[in-house]
Amino acid sequence: MVVETLPLQSVTGGALLVVGALVLLVVLAALLSAIEIVDAYEKRALTVFGEYRKLLEPGINFVPPFVSNTYRFDMRTQTLDVPRQEAITRDNSPVTADAVVYIKVMDAKKAFLQVDNYKKAVSNLAQTTLRAVLGDMELDDTLNKRQEINARIRQELDEPTDEWGIRVESVEVREVNPSKDVQRAMEQQTSAERKRRAMILEAQGERRSAVEKAEGDKQSEIIRAQGEKQSQILEAQGDAISTVLRAKSAESMGERAVIDKGMETLSEIGQGESTTFVMPQELTSLVGRYGKHLSGSDVKQNGAELESREFDDETRELIGLDDIAEIIGEIDEEAEMDLEAMEQEAQAIKEGKDAGTISDPDAVIEEMDQDFQERTDGGSETATDADSASDDADDATTN
């Protein structure tokens, strides 16, 4: 058996090479363990041999190798989902609700030293607080006062989370759902409420329609009454004008009546036995005028014209012969003016304008009756004066 022996130098060189490699590996591991790179949005808690040393700020940090530990804390706002919770309201109605809590780490040292897993702690605290708040409210309040629920939960979370270095920025309750039986009852209540509102709106619409219809009927009746009133005024004024015209026509025929009466008197005188007749001057004048009217010329006797005598001024004034044409003209002018004014008022009523200027029919008729009575009294006085003058003339001629 042959044993070969290696040279001592070769063995020593190989061992040194292995040791050098090990040392290099240890140095590299130490460097890697000693360097900590912290992101800009976080902080890290450093412990050496289990003892808290400090918070590492964002950037490159050197720590003791192999004996250091770091714990990361995100300094941004974080969102925590609160699982769906079941609760019994104050009026014994079961509801389920879930929420979202927005938190932010304000003090990483407290969050590291005061609480274990601050996210889980805040989530559990939010769950219990949500059930407590819902149980202290009635069902209608849990459905309607969502902002009040959020504020109360946040207020309840603020005090314990401050000790942990956590700030609760906002709490939002996403859904509050009553039980199925309660939902069914609420749907029936909502349906009944909608039916009630529909009936109220329909009744209000019918009432408004009835009011509008009554108002329209009222306006129609007013316009119809004003039209009938105007028609009665026009009819009354027409009758009054016709009566006045007939009266004036009869007055204008007074001269003809006197002539006819004189002819009857002559006929009675001619039937007497006497051969001497005394005739009033007015009668001879009337006979002459009447004959001229019938034949177109005065009566002639023995080749000479028998001229009739005109009424003197006093007799014409008493009889009123000169005023007849003027009175008839005034009546025509007044009638024309009244008719024009009445046509304007009727047009205004037809167009729906203010009819407040329409004269009262009773007042108009009363006024026209007074006017007619005054004129009739004047004609009667004139006729009486004419008869008195005729009698005085007869007496004078007889004497």
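Details of the structure are given in the entry above.
Just so it is clear, the model here is predicted, and its values are computed rather than measured.

A. Main features of the packing of helix H3 (residues 118-135) against helix H5 (residues 146-163). Taken N-terminus to C-terminus, the directions of H3 and H5 make an angle of 135 degrees; their axes are 10 Å apart at the nearest point. When the interaxial angle is binned, H3 and H5 end up oblique. Of the two possible hands of crossing, H3 and H5 adopt the one that is right-handed. Residue-level inspection shows Val-122, Leu-125, Ala-126, Thr-129, Leu-130, Val-133 and Leu-134 of H3 in contact with H5, the latter providing Ile-149, Arg-152, Ile-153, Glu-156, Leu-157, Pro-160 and Thr-161. Within the contact of H3 with H5, the residues separate by chemical class into 10 nonpolar, 2 polar and 2 charged.

B. Molecular detail of the pairing of strand E1 (residues 35-38). On E1, burial follows the alternation: Glu-36 and Val-38 on one face are buried, whereas Ile-35 and Ile-37 on the facing-out side are not. One ladder, built from 4 bridges, connects E1 with strand E4 (residues 59-62); its direction is antiparallel. When the sheet's bridge partners are listed, Glu-36 is paired in E4 with Asn-61.

C. A negative patch on the surface, seen in detail. A surface patch of like charges, here negative, comprises Glu-156, Glu-159, Asp-162 and Glu-163. For Glu-159, the position within the fold is in helix H5.

D. Layout of the packing of aromatic side chains. Inspection of every chain in the model, using the stated rule, returns 4 aromatic pairs. Relative to Phe-112, the ring of Tyr-71 lies with its centre 4.8 Å away and its plane at 35 degrees, an arrangement referred to as tilted. Separated by 41 residues along the polypeptide, Tyr-71 in strand E5 (residues 68-74) and Phe-112 in helix H2 (residues 108-113) bring together distant segments of the chain. Its relative accessible area of 37% is what places Tyr-71 among the partly exposed residues. The partly exposed category is assigned to Phe-112, whose relative accessible area is 21%. Aromatic side chains Phe-73 and Phe-112 sit 6.2 Å apart centroid to centroid with 85 degrees between the ring planes, which places their arrangement in the edge-to-face category. Here Phe-73, found in strand E5, pairs with Phe-112, found in helix H2; they are 39 residues apart in sequence, far enough to count as distant.

E. Seen up close, the sheet that holds E5. Here we have 3 strands laid out as an open sheet, ordered E3-E2-E5, and antiparallel in their pairing. Looking at strand neighbours, the two that pair on one side only are strand E3 (51-56) and E5, the edges of this open sheet. Neighbour to neighbour, the strand axes of the sheet diverge by 25 degrees on average, direction disregarded. Relative to E3, strand E2 (residues 42-48) runs antiparallel, the two being bridged by 5 bridges. The residue bridging Ala-45 from the neighbouring strand is Leu-55, located in E3.

F. Examining the nonpolar core more closely. Residues Val-101, Ile-103, Tyr-118, Leu-130, Ile-153 and Ile-166 are the most contacted members of the largest nonpolar core, which totals 34 residues. Take this core: its biggest share by element is 7 residues, from H3. Beyond its immediate chain neighbours, meaning those up to four positions away, Ile-166 contacts Ile-103, Lys-104, Val-105, Ala-111, Tyr-118, Val-122 and Thr-161. Residues Val-38, Leu-46, Val-48 and Val-63 belong to the second largest nonpolar core, which totals 5 residues.

G. Quick look at H5. Over its 18 residues, H5 extends 27 Å from the first C-alpha to the last, a length consistent with the 26 Å expected when each residue adds 1.5 Å. Among all positions of H5, only Ile-149, Asn-150, Ile-153, Leu-157 and Thr-161 are buried. For H5, the secondary structure elements touched by its buried residues are strand E7 (94-105), H3, helix H4 (139-144) and strand E8 (166-178). Once H5 ends, the next one or two residues include Gly-165, with phi positive near 75 degrees.

H. Structural context of the environment of Val-82. Locating Val-82 in the fold gives a position in strand E6 (residues 78-88). Excluding residues that lie within four positions of it along the chain, Val-82 makes contacts with Asp-98, Ala-99, Val-101, Ala-126, Gln-127 and Leu-130.

I. Quick look at the sheet that holds E7. The 3 strands are arranged E6-E7-E8 in an open sheet whose pairing can be described as antiparallel. A strand with exactly one partner marks an edge of an open sheet, and here the two such strands are E6 and E8. Adjacent strand axes in the sheet meet at a mean angle of 20 degrees, parallel and antiparallel pairs treated alike. Relative to E8, E7 runs antiparallel, the two sharing 11 bridges. Paired with Ala-97 across the two strands is Val-176, which belongs to E8. Strands in contact with H3 are E6, E7 and E8; relative to E6, the strand with the most contacts, it is inclined by about 35 degrees. Against the sheet, H5 makes contact with E7 and E8, and its axis sits at roughly 140 degrees relative to E8, the strand it touches most.

Conventions used here
Residues numbered from 1 in each chain as written. Predicted model: local features only at pLDDT ≥ 70, side-chain atom pairs only at ≥ 80, totals over all residues. Heavy atoms only, no water. Axes fitted to C-alpha atoms, helices over the stretch in contact; angles between N-to-C directions. Helix = DSSP H or I, 4+ residues; strand = E, 2+ residues; numbered from the N terminus. Parallel < 35°, antiparallel > 145°, perpendicular 65-115°, else oblique. Left-handed = near helix turned anticlockwise from the far one by under 90°. Contact = heavy atoms within 4.5 Å. Nonpolar A, V, L, I, M, F, W, Y, C, P; charged D, E, K, R; others polar. Buried < 20%, exposed > 50% of the residue type's maximum accessible area, 1.4 Å probe, protein only. Pairing = 2+ DSSP bridges. Patch = residues over 30% accessible without salt bridge, like charges linked within 9 Å, V, L, I, M, F, W, Y side chains within 5 Å. Areas by Shrake-Rupley, 256 points an atom, 1.4 Å probe, with all protein chains shown as cover. Salt bridge = Lys/Arg side-chain N within 4 Å of Asp/Glu carboxyl O. Lys, Arg positive; Asp, Glu negative; His and termini not counted. Charge placed at Lys NZ, Arg CZ, Asp CG, Glu CD. Phe/Tyr/Trp six-rings, centres within 6.5 Å; stacked < 30°, edge-to-face > 60°. Core = buried A, V, L, I, M, F, W, Y, C linked by side-chain atoms within 4.5 Å. Expected span 1.5 Å × (residues − 1).

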